[in-house]
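Chains, contacts and geometry: an overview
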Amino acid sequence: MFQRIYIEITNTCNLNCVFCLKNKRSPKMMTLDEFKHVMQEIKDHTQHIYLHVQGEPFMHPNLLEFMDLAHEAKLKVHLVTNGTYLNRVDYALYQHPALVQLSVSLHALQINELDRNHIVLKQLIQDSAIHHFSLFLRIWRFDDHDARSKLSQLIGIAIDQLPMKRSKIATNLFIDLDDTFTWPSFDNPFVSNQGYCHSGTKLIAILADGTVTPCCLDANGLLKLGNIHQNSFISIINDERLTIFNRSFNQNQCSEELCKHCTYRLRFNKKRGITL
């Protein structure tokens with residue numbers, strides 16, 4: 001049982017943020033039939049799904065129907081958005097029983113009274129205490145002073161005075177501040193053979209074309225385990241490659257070359273007692 005499964009319903013985005021990996025794959029949006037098949041395959045292997053890897057999920061025209069299918073499968077949905085489509089989706093999305101968490105990036109949001117996305121977000125913040133889901137306001141680049149200033153204006157709290165990177169500031173309302181990270185790539189410098197990650201054990205990802213990868217940051221499917229439209233999910237997660245992948249991490253070792261060039265996993269070293 002995975003704590004969460006990432007399902008990339010689209011790999012397309014309307015922005016070009018400097019901290020995000022540029023998509024090199026063909027543009028793809030999951031169809032309703034494809035998503036329905038994914039639901040049938042994974043519903044017994046997790047309780048929580050995140051509808052992204054790359055791409056802006058709010059751009060998908062069938063998002064609300066995907067939420068319905070997830071609810072039918074008794075799955076809880078987490079959404080991450082850049083905030084530029086908050087006003088374009090049916091407001092019923094924010095009342096959907098499958099939604100348990102909504103994370104909104106503040107980088108692209110226009111903090112002014114004339115911007116409709118800003119108006120929707122302000123309403124979501126005001127109503128957060130009575131909503132059934134958690135609302136996270138997110139800044140991915142902790143050194144982005146402009147975004148931090150915008151967020152402070154929006155919530156009326158100086159976020160520089162918050163005691164930690166994740167702070168609960170009201171019922172169902174949270175602030176997420178995080179350092180810039182580098183997406184894993186063979187082109188990155190070699191890091192080490194040692195390490196640990198939650199990939200493959202606590203989480204797994206399914207890209208828009210059905211490619212299954214153990215890593216939620218493997219946007220190009222370099223660790224491809226199989227394709228959920230060609231192989232059963234159970235056969236994919238029982239494959240020898242994932243078994244070796246997980247066994248190696250349990251021994252604080254990296255079996256895959258991509259992991260040896262990944263710095264994101266270094267955040268887990270201290271808890272595992274790993275020193276490089």
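Residues numbered from 1 in each chain as written. Predicted model: local features only at pLDDT ≥ 70, side-chain atom pairs only at ≥ 80, totals over all residues. Heavy atoms only, no water.

This next bit is on the overall build of the chain. Within the chain, the regular secondary structure consists of 8 helices and 10 strands. In summary, the chain has a C-alpha radius of gyration of 19 Å against a globular reference of 19 Å for 276 residues, a match within 12%. Taken over the C-alpha atoms alone, the chain extends approximately 55 × 45 × 30 Å along its principal axes. Per-residue burial for the chain yields a buried fraction of 54% across its 276 residues. Within the chain, contacts between residues separated by at least 24 positions form 68% of all contacts whose residues are at least 6 apart in sequence. Element-wise, carbon and sulfur atoms account for 49% of the exposed surface of the chain, whose accessible area totals about 13200 Å². Taking the average place of the 29 positive charges on the side chains of the chain and the average place of its 27 negative ones, the gap between the two points comes to 6 Å. (Helix = DSSP H or I, 4+ residues; strand = E, 2+ residues; numbered from the N terminus. Rg over C-alpha atoms; globule rule 2.2 N^0.38 Å. Buried < 20%, exposed > 50% of the residue type's maximum accessible area, 1.4 Å probe, protein only. Contact = heavy atoms within 4.5 Å. Areas by Shrake-Rupley, 256 points an atom, 1.4 Å probe, with all protein chains shown as cover. Lys, Arg positive; Asp, Glu negative; His and termini not counted. Charge placed at Lys NZ, Arg CZ, Asp CG, Glu CD.)

Let's shift gears to the pattern of salt bridges. A full pass over the atoms with the stated rule returns 7 salt bridges. A salt bridge links Arg138 to Asp176; the nearest nitrogen and oxygen atoms lie 3.4 Å apart. Within this pair, whereas Arg138 is found in strand β5 (residues 134-139), its partner Asp176 is found in strand β7 (residues 173-177), the two being separated by 38 residues in sequence. Asp176 is the partner of Arg166 in a salt bridge, and the nearest nitrogen-oxygen pair spans 2.7 Å. Of this pair, Arg166 sits in strand β6 (residues 166-170) while Asp176 sits in strand β7, and the two are 10 residues apart along the sequence. (Salt bridge = Lys/Arg side-chain N within 4 Å of Asp/Glu carboxyl O.)

With that out of the way, let us pick up the side chain of His52. Within the secondary structure layout, His52 lies in the loop between β2 (48-50) and α2 (63-72). A residue is classified by how much of its surface remains accessible, and His52, at 15% relative accessible area, is buried.

In the case of a regular strand, side chains alternate between the two sheet surfaces. Within β5, 6 of the 6 residues are buried, which leaves it mostly tucked inside the rest of the structure. Residues Ser134, Phe136 and Arg138 point to one face of β5 and Leu135, Leu137 and Ile139 to the other, with burial holding for every one of them. Bridge count for strand β4 (residues 99-105) against β5 is 5 bridges, and the pairing is parallel. Bridged to Gln101 within β5 is Ser134. (Pairing = 2+ DSSP bridges.)

All we've got here are geometric facts, nothing functional implied.
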